[in-house]
Amino acid sequence: MEENSRTSFFITTPIYYVNDIPHIGHAYTTIIADAISRFKKLAGYDVFFLTGTDEHGQKVEKAAQEKGMNPIQLADNVVVRFKKLWDALDIAFDSFIRTTQPFHEQGVQKIFQKLKDKGDIYKGIYEGWYCVSDETFLSEDVPLEDGGHKICADCGKKANVVSEECYFFKLSAYEKPLIDFYQKNPTFVRPKSRMNEVVSFVRQGLKDLSITRTTVKWGISLPDDSAHTIYVWFDALHNYLTGIGYDRDPQLFDKYWPATLHLIGKDILRHHAVFWPAFLIAAGFPLPKTVYAHGWWLKDETKMSKSKGNVLDPWTILNVFGPDPLRYFLLREIPIGLDGNFSHEGFIHRVNSDLANDLGNLAQRLLTMIHNYFGGQINTPGEETDKDKKLRLSFDTLKEKVGHHFEDYAINKALEEIWVYINAVNKYLADNEPWKLSKDDSQRARLGRILYQAACALRGICYLLYPVLPESSQKMWQLLGEKKPLEEELYSELAFFNLKRDQKIHKPKPLFPRVDLKDFLKEEESMDIITFDDFKRMDFRVGEIIEAERVEGTDKLVKMQVNIGKETRQMIAGIADKYAPEELMGKKVVVIVNLKTAVIRGIESQGMLLAAEVGGKAIIPVFTEDVPAGAKVR
Ligand code: MSP
């Protein structure tokens, strides 16, 4: 196909706030986008996949302040965390935009000015309830609580009344154009239930939107009115234009805009399905094709979010399993659009059964047989019988169905279909019992056909799974002896017999380890997380050892008198095998002083000394500068 004749496909994720490190919820959206983008590339589309970070606004400003950092320092740190996670999850984005990049800031200023010149932006006074955590004004219909305040429906936090001079965007003027647009484009918002939600919201009437702040310093400023910064949502949404070359690379921009698919969580539907098209209509840009709102991953039945403190760290799983099992689980477990409850039990169960048993065993068993019976090379398989043909024809049907589901963004359905087929291949092997035929020389051609047929099926499965399991598919692809990278075979070229007969198939390597739930949870428990409050309850001090003597009859124990500022405490420590009592005298160490008194060998110990444990021996940490006894350590 000619480079310029390919249909372009521009796919985006939300740009994530940098007030905190990424969790499984963020990973979910990005994984969906990656799988769709990989499929579309296979299908021959000219894909551009954009992700990035949303770095301005009060939320980030506050988080930085709490951490004693500049907002940009915080952003720089968190961006590294996001990129590291995307790398570990095999996310192949084409560009990563940060809203603090000058080209973005300039682009946003330019569009702002354009709307102002056009009369779509005007100055006024805003008064309303504002949720800092979500950076959003509450809608007017949120009722007052008993205490006379309002609560943000999304995050459950208390909102504040804000009254300030600001610029407004004339959203009310776009009610009719939006309704017309929704009517002409009923799949603009997906799933359908969300489209209905959006239409009824707009039908209730739209108020003008406040789009600048004088109370927030950390934002894009207005060049001609520097007391104002641009509201973080106005700023952020335009990343979809600036990230694809608006006002910077017209060729790129014309090639990919309008976006084909904005993937978002349902929490930010209104911003993407109402405000965003209104801004675009006002500025004269063509509108995106689809905004797809997926559901939430819940933990203990509530949305995982930083503000609720119930986020799951993807690294717990990634460190043990690598990227594919997590990608598979998130995409297989729920249809895009519904909520899912995340549990480690559910995760382990699913990956052990589907990946380790069904798929992993199929590959392992099959490749081992090809190796053992044919030295890895099946040159002359026998004739294809009706049973063999059935396996081939059902692959053709599978390919069509999977293609259709991916085109429809129904990844979980595609995976369901692929698994029906994997089980059919397992059954084909079980029914044909190649291990029995291998004992009979006269059955060699038949044996060759069965294994070749199953290997063709495995090649096809491996190809179809690539968007979801890029790492393991590529490994399997190579084990099957393919030299050409998988991505170079177009979806339209994929055929059952693409596996060459004399291709040298390699010895299998286990692709998906089976992990025992108990072992996994044990590992997790060993990293028992405590809260900051738990930590604060521990009173650590600098203690000066003023006396030390060995406890008689023991190898390890030393009895010490430790000056902790206001008093002297007696403590027992197991460090005599490393330090002689004389050596300890005068040393400044770290001790915990609010630990319950213990009696060791009949002697009271009124505190505990901290030491590193290396090869069974205790090593005491030292201070790099002189510190007074009793100083708090935290
Ligand atoms: N910065 C805005 C988006 C601006 S886009 C122009 C924002 N950022 S966020 O960091 O809060 O990320 C929100 C997105 O992360 C959600 O829309 C969703 O894609 C994803 N998720 C965050 N928590 C989630 C779950 N618990 N479950 C699933 N996805 C979730 O909003």
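Keep in mind that what you see is a predicted model, and the values were worked out from it rather than measured.

### Observations concerning the overall build of the protein chain
So, step 1. Secondary structure summary: the protein chain contains 21 helices and 27 strands in total.
So, step 2. For the protein chain, the C-alpha atoms occupy an extent of roughly 90 × 80 × 45 Å along the three principal directions.
So, step 3. Taking all 634 residues of the protein chain together, the buried fraction comes to 54%.
So, step 4. Relative to all contacts within the protein chain whose residues are 6 or more apart in sequence, the contacts with residues 24 or more apart total 74%.
So, step 5. About 29,400 Å² of surface is accessible on the protein chain, with carbon and sulfur atoms providing 50% of the total.
So, step 6. Across the protein chain, the mean location of the 83 positive side-chain charges is 3 Å away from that of the 89 negative side-chain charges.

### Comments concerning the packing of aromatic side chains
So, step 1. Taken as a whole, this structure holds 43 aromatic pairs when the rule is applied.
So, step 2. Here Y126 and F168 contribute two aromatic rings whose centre-to-centre distance is 6.0 Å and whose plane-to-plane angle is 45°, an arrangement assigned as tilted. Placement of Y126 in strand β5 (residues 121-131) and of F168 in strand β7 (residues 160-169) is noted, with a sequence separation of 42 residues between them.
So, step 3. Taken together, F10, F48, Y240, Y246, F253, Y256, W257, W276 and F285 form an aromatic cluster joined through their ring pairs.
So, step 4. Its end group placed over the ring of F285, K114 keeps NZ or CZ at 5.0 Å from the ring centre.

### Points about the domain arrangement of the protein chain
Frequently, the measure chosen for interface size is the accessible area that the parts lose on association.
So, step 1. For the protein chain, the assigned domains are domain 1 (8-105 + 233-317), domain 2 (117-182 + 192-227), domain 3 (343-498) and domain 4 (538-633).
So, step 2. A straight line from the C-alpha centre of domain 3 to that of domain 4 covers 63 Å.

### Quick word on the sheet that holds strand β10 (residues 212-213)
So, step 1. One open sheet holds the three strands; their spatial order is β10-β12-β11, and the pairing between them is antiparallel. In the strand order of this sheet, the two ends are held by β10 and β11 (221-222), each with one partner.
So, step 2. Sheet analysis places β10 next to strand β12 (residues 225-230), joined by two bridges and oriented antiparallel. Paired with T212 across the strands is I230, a residue of β12.

### Here we look at the nonpolar core
So, step 1. Grouped together as the largest cluster of nonpolar side chains are 108 residues, with contacts concentrated most on F342, L359 and I411.
So, step 2. Per-element tally for this core: the top contributor is helix α17 (residues 444-465), with 14 residues.
So, step 3. Formed jointly, this core draws a minimum of three residues from each of two domains, domain 1 (8-105 + 233-317) and domain 3 (343-498).
So, step 4. What I411 contacts, discounting residues up to four positions off in sequence, is I32, A35, I36, L331, I336, F406 and V468.

### Examining the pattern of salt bridges
So, step 1. On inspection of all chains with the given rule, the structure shows 32 salt bridges.
So, step 2. Taking the shortest distance from any N to any O, the salt bridge between D247 and K110 comes out at 2.9 Å. Taken as a pair, D247 in the loop between α8 (239-242) and α9 (250-256) and K110 in helix α4 (residues 102-117) lie far apart in primary sequence, 137 residues in all.
So, step 3. Here D539 and R541 are joined by a salt bridge, their closest N and O atoms 2.8 Å apart.
So, step 4. Judged by relative accessible area, which is 18%, D539 ranks as buried.
So, step 5. Among the ionic contacts, a cluster of salt bridges with common partners joins R459, E482, K484 and E489.

### A word on the side chain of T554
So, step 1. Along the polypeptide, T554 turns up in the loop between β18 (540-550) and β19 (557-563).
So, step 2. A relative accessible area of 11% means that T554 is categorised as buried.
So, step 3. There is a polar contact of 2.8 Å between the side chain of T554 and the backbone oxygen of V551.

### Considering the pairing of strand β13 (residues 261-265)
So, step 1. For β13, a buried count of five out of five residues is recorded, marking the element as mostly surrounded by other parts of the structure.
So, step 2. What you see with β13 is no split at all: L261, L263 and G265 on one side and H262 and I264 on the other are buried throughout.
So, step 3. Bridge count for β13 against strand β14 (residues 290-294) is five bridges, and the pairing is parallel. The partner of G265 across the bridge, within β14, is H294.
So, step 4. Considered for its hand, the β-α-β crossover made up of β13, helix α10 (residues 269-283) and β14 is right-handed.

### Things to note about the packing of helix α11 (residues 314-321) against helix α12 (residues 323-333)
So, step 1. As a packed pair, α11 and α12 sit with axes 7 Å apart at the nearest point and diverge in direction by 130°. By the angle between their directions, the pair α11 and α12 is classed as oblique. Contact residues: P314, I317, L318 and F321 in α11; P323, P325 and L326 in α12.
So, step 2. Among the residues forming the contact of α11 with α12, the class breakdown is seven nonpolar, no polar and no charged.

Parameters and conventions
Residues numbered from 1 in each chain as written. Predicted model: local features only at pLDDT ≥ 70, side-chain atom pairs only at ≥ 80, totals over all residues. Heavy atoms only, no water. Helix = DSSP H or I, 4+ residues; strand = E, 2+ residues; numbered from the N terminus. Buried < 20%, exposed > 50% of the residue type's maximum accessible area, 1.4 Å probe, protein only. Contact = heavy atoms within 4.5 Å. Areas by Shrake-Rupley, 256 points an atom, 1.4 Å probe, with all protein chains shown as cover. Lys, Arg positive; Asp, Glu negative; His and termini not counted. Charge placed at Lys NZ, Arg CZ, Asp CG, Glu CD. Phe/Tyr/Trp six-rings, centres within 6.5 Å; stacked < 30°, edge-to-face > 60°. Lys NZ or Arg CZ within 6 Å of the ring centre and 35° of its normal. Domains from an automatic or database assignment. Pairing = 2+ DSSP bridges. Core = buried A, V, L, I, M, F, W, Y, C linked by side-chain atoms within 4.5 Å. Salt bridge = Lys/Arg side-chain N within 4 Å of Asp/Glu carboxyl O. Polar contact = N/O pair within 3.5 Å; in protein donor to acceptor, adjacent residues only side chain to side chain. Right-handed = clockwise from strand over helix to strand, strands pointing away. Axes fitted to C-alpha atoms, helices over the stretch in contact; angles between N-to-C directions. Parallel < 35°, antiparallel > 145°, perpendicular 65-115°, else oblique. Nonpolar A, V, L, I, M, F, W, Y, C, P; charged D, E, K, R; others polar.

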